[in-house]
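Below, each chain spelled out in residue letters.
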Amino acid sequence: MGGLQTYNVTVDWTGADERGTASYTSYSRDHEVRVEGKPTLLATSDLKVRTDVSRYRAEELFVGSISQAQMLWFLRTAAKHDVVVLSYADKATGTQRVEGAGSGPFVEVVLRPQVSFAEPGLSEEAAARLHREAREHNHVARSVSFPVRVEPAAVGVPVA
């Protein structure tokens, strides 16, 4: 078994006023997510009660973290196999089942990376192997109990 890595994040609720949580609709869901030495992320709730839609939501960041880890593993895998990647963009989608209380578990995340390579003749099969190997190593995707699928665009498709 390997060593342990620790990540420290501070979440600070900034939505309180003099009434606090006097009622469900009385308080803002605004909060900040901070990691020492990095820019603060302004965040809020996914619910539509006193929510500032310009702020990040935990659910968005959750899907983004799975996508981000997949991209980083893909780039590492490509470099390991001497495949030069010129661009990578992913339009990831997370699906959450909404249950009685207005919340519920994620049921899947689908990653849709568009990758362009320096070698124009790289086969679809070779690219698919890189995506599979990266997915096998994606530590964030391996930490969840729902399916994370990778559906890459065709090889060499320009990234918009």
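Computed from a predicted model, the values in this text were never measured in an experiment. (Residues numbered from 1 in each chain as written. Predicted model: local features only at pLDDT ≥ 70, side-chain atom pairs only at ≥ 80, totals over all residues. Heavy atoms only, no water.)

## Considerations on the confidence of the model for the protein
Reasoning step 1: Scored by pLDDT, the protein comes out at a mean of 90, with 94% of its residues at no less than 70.
Reasoning step 2: Here strand β4 (residues 56-57) stands out as the least confident element of the protein, with mean pLDDT 93; strand β7 (residues 106-111) is the most confident, with 97. (pLDDT = per-residue confidence, 0-100. Helix = DSSP H or I, 4+ residues; strand = E, 2+ residues; numbered from the N terminus.)

## A closer look at the sheet that holds β7
Reasoning step 1: On the basis of which strands lie adjacent, the open sheet formed by three strands has the order β6-β7-β9 and mixed pairing. The sheet terminates laterally at β6 (93-96) and β9 (148-150), the two strands that pair on one side only. Going across the sheet, the axis of each strand differs from the next one's by a mean of 15 degrees, ignoring polarity.
Reasoning step 2: Here β6 runs beside β7; their pairing, made up of four bridges, is antiparallel. In the strand pairing of β7, Thr-93 is matched with Val-110. (Pairing = 2+ DSSP bridges. Axes fitted to C-alpha atoms, helices over the stretch in contact; angles between N-to-C directions.)

## Observations regarding the environment of Ala-126
Reasoning step 1: Structurally, Ala-126 can be placed in helix α2 (residues 124-137).
Reasoning step 2: On a C-alpha basis, the gap between Ala-126 and Gly-15 in space is 50 Å, while along the polypeptide they are 111 residues apart.

## Observations concerning the sheet that holds strand β3 (residues 41-44)
Reasoning step 1: Reading across the sheet, the four strands line up as β1-β2-β3-β4 and stay open at both edges, with mixed pairing between neighbours. Both outer strands of the open sheet, β1 (10-13) and β4, are each paired with one neighbouring strand and no more.
Reasoning step 2: When β3 meets β4, the two strands line up parallel, connected through two bridges. If you follow Thr-44 over to β4, its bridge partner there is Arg-57.

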